[in-house]
Amino acid sequence: MPRFEREKKTLKTMIALYCKDHHSPISGLCADCTSLQEYAMGRLANCRYGADKPKCAVCTTHCYKPVMRDAVRNVMRYAGPRMLVKHPVLALEHVVDGLLHRPKTSKKKL
């Protein structure tokens, strides 16, 4: 699976874990988590870096509104450690992707 698709799957899985444990929807996601997921998928689809994008946490361009950034940060803070148990392969691939696809920084001349 391409990295970009895997990132979308990882984010959807994290939001689902968070929603299930915090909001207990009867099925699927609650309205707030559905809205957050749609927003995040829209941001990913329109990322200026395309397939070469770094993980959002280390990106030099913050394209999320502050409220949504905080919401995603809360989801990841909660779901991240649980991903190691519930979805270990996806979690490991997410960590490896973060190590391999860091944002390029310009080298300063001394």
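Residues numbered from 1 in each chain as written. Predicted model: local features only at pLDDT ≥ 70, side-chain atom pairs only at ≥ 80, totals over all residues. Heavy atoms only, no water.

Side note on the packing of helix H1 (residues 3-23) against helix H4 (residues 88-100)
Between two packed helices, the angle of one axis relative to the other and the distance separating the axes together describe the packing. Our working definition: To define axes, lines are fitted to C-alpha atoms, for helices over the stretch in contact only, and angles between the resulting N-to-C directions are given on a 0 to 180 degree scale. Numbered from the N terminus, helices here are DSSP runs of H or I no shorter than four residues, and strands are runs of E no shorter than two. Here roughly perpendicular refers to angles of 65 to 115 degrees, roughly parallel to angles under 35, roughly antiparallel to angles over 145, and oblique to all remaining angles. By definition, any crossing whose near helix is turned counterclockwise from its far helix by less than a right angle is left-handed, and any crossing with a clockwise turn is right-handed. The contact rule is simple, with two residues in contact once any of their heavy atoms fall within 4.5 Å. Only Asp, Glu, Lys and Arg are considered charged, only Ala, Val, Leu, Ile, Met, Phe, Trp, Tyr, Cys and Pro nonpolar, and every remaining residue, Gly among them, polar.
Packing of H1 against H4 brings their axes to within 10 Å, and their N-to-C directions diverge by 125 degrees. In terms of their interaxial angle, H1 and H4 are classed as oblique. Our pair here, H1 against H4, has a crossing hand that is left-handed. Across from Arg3, Arg6, Lys9, Thr10 and Thr13 in H1, the residues of H4 making contact are Leu90, Glu93, His94 and Asp97. Its residues placed into classes, the contact of H1 with H4 shows 1 nonpolar, 3 polar and 5 charged.

A few points about the confidence of the model for the chain
What counts, and what does not: Confidence per residue, as judged by the predictor, is encoded in pLDDT with a range of 0 to 100.
On average, residues of the chain carry a pLDDT of 85, and 90% of them reach 70 or more. Of all the helices and strands in the chain, H4 carries the lowest mean pLDDT, 81, while helix H2 (residues 31-45) carries the highest, 94.

Section: the environment of proline 25
Structurally, proline 25 can be placed in the loop between H1 and H2. In the structure, proline 25 is positioned 20 residues away from glutamate 5 in sequence and 26 Å away in space, judged by C-alpha atoms. Here proline 25 is in contact with Cys19, Lys20 and Cys30, once residues within four sequence places are set aside.

What about H2?
The periodicity of an α-helix, 3.6 residues per turn, causes residues three or four places apart in sequence to face the same way. Operational definition: Under the convention used throughout, the expected extent of a helix is 1.5 Å for every residue step, that is, one less than its residue count. In this scheme, a residue with accessible area under 20% of its type's maximum is buried, one over 50% is exposed, and one in between is partly exposed, where area comes from a 1.4 Å probe on protein chains only.
Its 15 residues give H2 an end-to-end C-alpha distance of 21 Å, which sits within 8% of 21 Å, the value for a rise of 1.5 Å per residue. Buried within H2 are the following residues: Cys33, Leu36, Gln37, Tyr39, Ala40, Met41 and Leu44.

What to know about the packing of H2 against helix H3 (residues 66-86)
Across the interface, H2 lies against H3 with an axial gap of 11 Å and an inter-helix angle of 105 degrees. The angle between H2 and H3 falls in the class roughly perpendicular. For the pair formed by H2 and H3, the contact residues are Ser35, Leu36 and Tyr39 on the first element and Met68, Ala71, Val72 and Val75 on the second. In the contact of H2 with H3, the residues fall into 6 nonpolar, 1 polar and no charged.

Focus: the pattern of salt bridges
Pairing of side chains with opposite charge becomes possible as their charged atoms draw close. Basically, it comes down to this: What makes a salt bridge here is a side-chain nitrogen of Lys or Arg within 4 Å of a carboxyl oxygen of Asp or Glu, nothing more.
Tallied over the entire structure, the rule returns 3 salt bridges. Notably, a salt bridge pairs glutamate 93 with arginine 6, separated by 3.7 Å at the nearest N-O pair. Of this pair, glutamate 93 sits in helix H4 while arginine 6 is found in helix H1, placing the two residues 87 residues apart along the sequence. Ionic pairing is found between arginine 73 and aspartate 70, a salt bridge with its closest N-O pair at 3.2 Å. Taken together, the residues arginine 73 and aspartate 70, both in helix H3 and 3 residues apart, mark about one turn of the helix. Under the relative-accessibility criterion, aspartate 70 is labelled partly exposed at 40%.

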